[in-house]
Amino acid sequence: MENIRLLLVDDEEDFRNIIARRLKKRGLSAEQAGNGEECLAMLEKNQADVVILDVKMPGMDGLEVLHHIKKKYQKTEVILLTAHSSTPDGVEGIKAGAFDYLTKPVELEHLLEKIKQAYEKIQRLEDKEKEAEFREKMEQQMIVTERLASLGTLATGVAHEINNPLAIIKEATGWMELLLKKEELAEMPRKADFEKGLGKIEKSVERARRITHQLLDFVQKHDSALSEINLEELVEESVRLINREVVNKDIEIVRKTKPSAGNIWTDPYRLRQVLINLLNNAIHATSPGGKITISSSVLSHFQAPACLRSQASPAREQRKNNSTEAVELRVEDTGQGIPKENLKKIFEPFFSTKSPGKGTGLGLFVSQGIINKLGGNIEVESEVGKGTVFCITLPRYHKTEEEPEKNSRPDFWKKLGL
Amino acid sequence: MIKIPTKILVVDDEKDFVEMLSLRLNETGEKVTPAYSGKECLDLLEKDNIDVVILDIKMPGMDGIEVLKEIKKRFPLIEVIMLTGHGTTETAVEGMKLGAFDYLLKPADFDDLSEKLEGARKKKDEQEERIRKAEAKLLSRKTGGVF
């Protein structure tokens, strides 16, 4: 209530001063305007929450000012001050959108009460707006999640079905390569061409196999491998595994893990897989001389992680884990950053900005799948030219959820008769 | 040096795969018999002398695990290498607990396969060698150590 923005409009300066002084005593400071034009000019510069507006003023009268205010600043509430004899003005004012009217001489308690009510109305509207905004965000997020899930089901179905023909191509190629090595074919014309062709087939099968295996990683069950792990050690271990690339590229890795992050109950292999994936991405995006920072911290249950604050929902967090605590892992790089138009797509399967054959476009997709299954969230923030932050939040204790459809063959394939 | 061929039974419902893998293994000097179902596999084991079975887990009808159990019950000396789809490591572990020698993910790396085949063959040979020695001991005891 103290930081409410008040504007007092009346042509009688003495009256304004008295009211302003009295309001001040009660902890409310009010701006002052001597006529309608001045009022509108002041609103132009600084919006007000509540305008206390005298109706009877020379020049532009209160009702006219009210029309202007309501047209331009829908959120601003107006309390009209009318002369004792002109109640119709007040009624007309309310019809035109005023919050209420008071008759002069004004009783300060009444005025205060009205200001308070008007302010409460503003806050109610703001809350409603925020809620609607939040709900919309959640709905959008749901749509994205569902879309990713169905894409995942489809993609893993494809992967399963493709593995068999891949195995056949692979064996056939290997067999032909063996034949070419036989003595009877030692003098075969253009033998090198055949060998070159077979080599390409073999390499491409290997590439396809990497894709199918990564996709199948996405649906892999992991509930059997939950254990208690020390977060600091996990980070240490992951960094060790990628250290060679870091040294080769002259990138500094900074660890800001706090021992207080302590132990968490999760799947160490899967979490390490995600960390390594994020680190590899960071290394790839960062130029020599750059820096990658890994930090961990503890989050109390209701506090949304800093990087999610804009869209975090306590309700959702609560639903996801009934425990009291969560931990946060951040991987921050000083790399090239991700353009805004790509930011939404990076968790989609097969989205990649690397050249063909270099990346499968599945790393983040799989990582997100893993983190979600571990009861957590993964979010990204990025600025082109400055760097990227990936932020993982995980419950300290992950309870295994029921996963009814794990490796089951999707209906889609049955429908196709495959 | 002449290689003693390992007698391998490849079991998979995917006919082309069996054919190609057989051709390739034959070319490296092994002796491969194809089978396209669990039942056929068991029938063939009854007739033929086999060292190692390469067994696909995912087959219609009798699946790989059932076949494995049956093999280990009826032909305990025959070694089994399982071929599993990715993401079914649990099945592979289950299979190894049931007595399979090892497992490979499909599509398998040929060098890995060769290595595992050799290991399986070696294990079977050694086991048979021990049995022979034990039998010899038993025989010499029965005959009163006359030899």
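Residues numbered from 1 in each chain as written. Chains lettered and ligands numbered in written order. Predicted model: local features only at pLDDT ≥ 70, side-chain atom pairs only at ≥ 80, totals over all residues.

If you check an unreviewed UniProt entry, chain B appears there as Two component system response regulator from Desulfonema magnum.

As annotated in an unreviewed UniProt entry, chain A is histidine kinase from Desulfonema magnum. According to its UniProt record, chain A has this under Catalytic activity (unreviewed entry): "ATP + protein L-histidine = ADP + protein N-phospho-L-histidine." (UniProt positions renumbered as here; feature names shortened; annotations may be inferred.)

Participant: Sorry if this is basic, but what is going on with the UniProt feature "modified residue: 4-aspartylphosphate" (unreviewed entry) in chain A here?
Facilitator: Residues and elements named next belong to chain A. Residues given the UniProt feature "modified residue: 4-aspartylphosphate" (unreviewed entry) here are Asp54. The residue aspartate 54 is located in strand E3 (residues 50-54) in this model. Residue aspartate 54 is classed as buried on the basis of its C-beta count, with 23 C-beta atoms lying within 10 Å. Residue contacts for aspartate 54: discarding those within four places in its chain leaves Val9, Asp10, Asp11, Gly62 and Leu81. (Helix = DSSP H or I, 4+ residues; strand = E, 2+ residues; numbered from the N terminus. Buried ≥ 20, exposed ≤ 12 C-beta atoms within 10 Å, placed from the backbone. Contact = placed C-beta atoms within 7 Å.)

Participant: For this particular structure, what's the right way to read unusual backbone geometry?
Facilitator: Leave glycine aside and you will find that most residues have negative phi; peptide bonds, for their part, are mostly trans. Residues A:Lys104 and A:Pro105 are joined by a peptide bond in cis, for which omega reads -5°. One can find A:Pro105 in the loop between strand E5 (100-103) and helix H5 (108-180). For the bond running from B:Lys106 to B:Pro107, omega is -5°, close enough to zero to count as cis. Locating B:Pro107 in the fold gives a position in the loop between strand E5 (102-105) and helix H5 (110-142). In this model, A:Arg190 sits at a positive phi of 50°, which is unusual for a non-glycine residue. We classify A:Arg190 as exposed; it has 8 C-beta atoms within 10 Å. The phi angle at A:Asp250 is positive, at roughly 60°, despite the residue not being glycine. If you trace the backbone, A:Asp250 turns up in the loop between helix H7 (231-249) and strand E7 (252-256). A:Asp250 sits in the exposed class, given 11 other C-beta atoms within 10 Å.

Participant: What should I look at first to understand the pairing of strand E11 (residues 377-383) of chain A in this one?
Facilitator: Consecutive residues of a regular strand have side chains that alternate between opposite faces of the sheet. Residues and elements named next belong to chain A. Bridging between E11 and strand E12 (residues 387-395) involves seven bridges; their strand directions are antiparallel. Following the sheet pairing, isoleucine 378 is matched in E12 by isoleucine 392. In sequence, E11 turns back onto E12 through a hairpin of three residues, with glycine 385 there showing a positive phi of about 90°. (Pairing = 2+ DSSP bridges.)

Participant: Even after reading the chapter, I still don't get the confidence of the model for chain A, so can you show me in this structure?
Facilitator: Low pLDDT marks stretches whose predicted atomic positions should not be read closely. All names here are of chain A. The predicted model of chain A has a mean per-residue pLDDT of 82, with 87% of residues at 70 or higher. Looking at the elements of chain A, mean pLDDT is at its lowest for helix H12 (residues 411-416), recorded as 43, and at its highest for strand E1 (residues 6-9), recorded as 93. Scored below 50 in pLDDT, residues 302-323 shows 26 contacts in the model against residues more than four places distant or in partner chains. Low confidence marks residues 401-418, where pLDDT is under 50. Its contacts with residues over four positions away, or in another chain, come to 14 contacts. (pLDDT = per-residue confidence, 0-100.)

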